[in-house]
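Okay, here's what each chain looks like letter by letter:
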Amino acid sequence: MEVNCKMVTSEITALEQRIQNYLDNKFEFNTNIAKCEVIPAELDEQKNGIRVLIRAYRPGVLIGRKGGNIMRIAKKIETEFQTYPMFAVQSVDLMEMKQ
């Protein structure tokens, strides 16, 4: 039986690795965002940019007032890495965070 779906590989491109390092540093050293309990981002390179999935206990703090925090992160990724980031932020409970 043939399945027509995108193969998910464990290989990470150089761009994805650089963006992941940037996000890890951003979430670790920003005290407001550190309170969000962020699960490391999942990155998926698309033809028109990069999709960034972030899971957080407090997504409102991560996104910021009027989307300010997430927009600053998006602008930095766009200018530094020359790719358009598409963010998806999911809310998770604390029990999921501990696993």
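Residues numbered from 1 in each chain as written. Predicted model: local features only at pLDDT ≥ 70, side-chain atom pairs only at ≥ 80, totals over all residues. Heavy atoms only, no water.

A closer look at the sheet that holds strand β2 (residues 49-56)
Alright, step 1. The mixed open sheet is built from three strands, whose spatial order is β1-β2-β3. Each edge of the open sheet carries a strand with a single partner, namely β1 (38-46) and β3 (85-91). Each neighbouring strand pair of the sheet contributes to a mean axis angle of 20 degrees, computed without reference to strand direction.
Alright, step 2. Judged from the seven bridges that link them, β2 and β3 form a sheet pairing that is parallel. Across the sheet, Arg-55 pairs through a bridge with Gln-90, a residue of β3. (Pairing = 2+ DSSP bridges. Helix = DSSP H or I, 4+ residues; strand = E, 2+ residues; numbered from the N terminus. Axes fitted to C-alpha atoms, helices over the stretch in contact; angles between N-to-C directions.)

Some details on the pairing of β2
Alright, step 1. With six of its eight residues buried, β2 lies for the most part within the structure.
Alright, step 2. The pairing of β1 with β2 spans seven bridges and is antiparallel. Within β2, the position partnered with Glu-42 by the bridge is Leu-53.
Alright, step 3. Between β1 and the antiparallel strand that follows it, β2, lie two residues. (Buried < 20%, exposed > 50% of the residue type's maximum accessible area, 1.4 Å probe, protein only.)

Points about helix α4 (residues 68-81)
Alright, step 1. Over its 14 residues, α4 extends 20 Å from the first C-alpha to the last, a length consistent with the 20 Å expected when each residue adds 1.5 Å.
Alright, step 2. For α4, the set of buried residues is Asn-69, Ile-70, Ile-73, Ala-74, Ile-77 and Phe-81. For α4, the arc enclosing every buried residue in end-on projection is 130 degrees, short of the 170-degree limit, so these residues lie on one face. Residues of α4 that are exposed and point over 90 degrees away from its buried face: Arg-72, Lys-75 and Thr-79.
Alright, step 3. Remark: Gln-82 follows α4 within two positions and exhibits a positive phi of approximately 50 degrees. (Expected span 1.5 Å × (residues − 1). Arc of directions from axis to C-beta.)

Quick notes on the confidence of the model for the chain
The predicted coordinates should not be examined in detail at positions where pLDDT is low.
Alright, step 1. The pLDDT averaged across the chain works out to 78; a share of 74% of its residues lies at or above 70.
Alright, step 2. Considering only residues more than four positions removed or in separate chains, one finds that residues 1-10, a stretch of pLDDT under 50, has three contacts. (pLDDT = per-residue confidence, 0-100. Contact = heavy atoms within 4.5 Å.)

Quick look at the pattern of salt bridges
Alright, step 1. Under the criterion given, the structure shown has two salt bridges.
Alright, step 2. Residues Glu-42 and Arg-55 are paired through a salt bridge, measuring 2.6 Å at the closest nitrogen-oxygen approach. Within this pair, whereas Glu-42 is found in strand β1, its partner Arg-55 is found in strand β2, the two being separated by 13 residues in sequence.
Alright, step 3. The class for Glu-42 is partly exposed, based on a relative accessible area of 38%. (Salt bridge = Lys/Arg side-chain N within 4 Å of Asp/Glu carboxyl O.)

Re the nonpolar core
Alright, step 1. In terms of nonpolar packing, the biggest core is built from 16 residues, with Ile-19, Leu-23, Val-52 and Ile-77 touching the most fellow members.
Alright, step 2. Listing elements by their share of this core, those giving two or more residues are α1 (14-29), β1, β2 and α4.
Alright, step 3. Here this core takes five residues from α1, the largest share from any one element.
Alright, step 4. With sequence-adjacent residues up to four places away left out, Val-52 is seen in contact with Leu-23, Ala-41, Glu-42, Leu-43, Met-86, Phe-87 and Ala-88. (Core = buried A, V, L, I, M, F, W, Y, C linked by side-chain atoms within 4.5 Å.)

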